[in-house]
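Per-entry structural report
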Amino acid sequence: MNQKKIKNPETQVPKTPEMNDRDYINDLLATEKYMTASYCTALNEFSHDALYQEVLGIFTETQNCQRELYNLMFKKGWYGVEAADQQQLQQTYEQFSGYTNQFPHH
């Protein structure tokens, strides 16, 4: 299967033992991903509505920060994604589109 990488031209950074801009941003992105996953787990467990709402606001800010870091890394060519094969997309869509009839109707 011929996968195509979607990526911008890479912004060059110094190749030294010291951390560079890419390293710092990548570390921040990994931290934000960890934090959003942790907030999701916490939100699933809260029974106190005011606490839930407060943490939901923090989660949203953290998720937005994560997205901005991803966009920055993608813009600088430090983060790429694989282009999806159209046939594979169609097969996956057909596989899961039949599941909707199993959902309870509201």
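Preceding this section is the structure that the text describes.
Numbering of residues starts from 1 in each chain and follows the order in which that chain's sequence is written. Whole-chain, interface and lining totals are the exception, using all residues; otherwise, since this is a predicted model, local features are given only for residues with pLDDT of at least 70 and side-chain atom pairs are given and counted only at 80 or more. The side-chain figures draw on all heavy atoms in the structure; neither hydrogens nor water molecules are used.

Side note on the overall build of the chain
Quick note on the threshold: Secondary structure elements follow DSSP: runs of H or I of four or more residues count as helices, runs of E of two or more count as strands, with numbering from the N terminus. With C-alpha atoms as the basis for the radius of gyration, the globule rule is written as 2.2 Å multiplied by the number of residues raised to the power 0.38. Burial classes: relative accessible area under 20% of the type maximum marks a residue as buried, over 50% as exposed, and values in between as partly exposed (1.4 Å probe, protein chains only).
Tallying secondary structure elements over the chain gives three helices and two strands in all. Each helix and strand of the chain, ordered N terminal to C terminal, gives the series β-α-α-β-α. For the chain, whose C-alpha radius of gyration is 19 Å, the value lies well above the compact-globule estimate of 13 Å for 106 residues. Expressed along its principal axes, the backbone C-alpha trace of the chain runs to roughly 55 × 45 × 20 Å. Burial status across the chain gives 16% buried among its 106 residues.

Comments concerning the packing of aromatic side chains
Aromatic rings considered in pairs are described by the distance between their centres and by the relative angle of their planes. What counts, and what does not: Aromatic rings from Phe, Tyr and Trp, with only the six-membered ring used for Trp, were paired whenever their centres fell within 6.5 Å, and each pair was classed as stacked if the ring planes differed by under 30 degrees, edge-to-face if by over 60, and tilted otherwise.
With the rule as written, the count across this model stands at two aromatic pairs. Where Y70 meets F74, the ring centres are 6.0 Å apart and the plane angle is 25 degrees; that geometry is what we call stacked. Taken as a pair, Y70 and F74 lie in helix α2 (residues 49-75) at a separation of four residues, close to a single helical turn. Classification of Y70 by relative accessible area gives buried; the value is 15%. You can call F74 partly exposed: its relative accessible area is 22%. Through pairs of rings, three or more aromatic residues link up here, namely Y70, F74 and Y79.

Structural notes on the pattern of salt bridges
So the rule is basically this: Should a side-chain nitrogen of Lys or Arg be within 4 Å of a carboxyl oxygen of Asp or Glu, the pair is scored as a salt bridge.
Under the criterion given, the structure shown has three salt bridges. K5 is paired through a salt bridge with E82; the nearest N and O atoms lie 3.8 Å apart. Of this pair, K5 sits in strand β1 (residues 5-6) while E82 sits in strand β2 (residues 81-82); the two residues are 77 residues apart in sequence, bridging distant segments of the chain. As a salt-bridge pair, E10 and K7 come within 3.8 Å of each other at their nearest N and O atoms. The class of K7 is partly exposed, set by a relative accessible area of 40%. Here the salt bridges do not stand alone but share partners, grouping K7, E10 and R22 into one network.

So, a nonpolar patch on the surface
Applicable threshold: What goes into a patch is any residue over 30% in relative accessible area without a salt bridge, connected to like charges within 9 Å or, for nonpolar side chains (Val, Leu, Ile, Met, Phe, Trp, Tyr), within 5 Å. Residue exposure ignores everything except the shown protein chains as possible cover, and the areas themselves are Shrake-Rupley values with a 1.4 Å probe.
A cluster of nonpolar residues, F96, Y99 and F103, forms a patch on the protein surface that exposes about 330 Å² of accessible area. Its place among the elements puts F96 in helix α3 (residues 86-97). F96 sits in the partly exposed class, given a relative accessible area of 42%.

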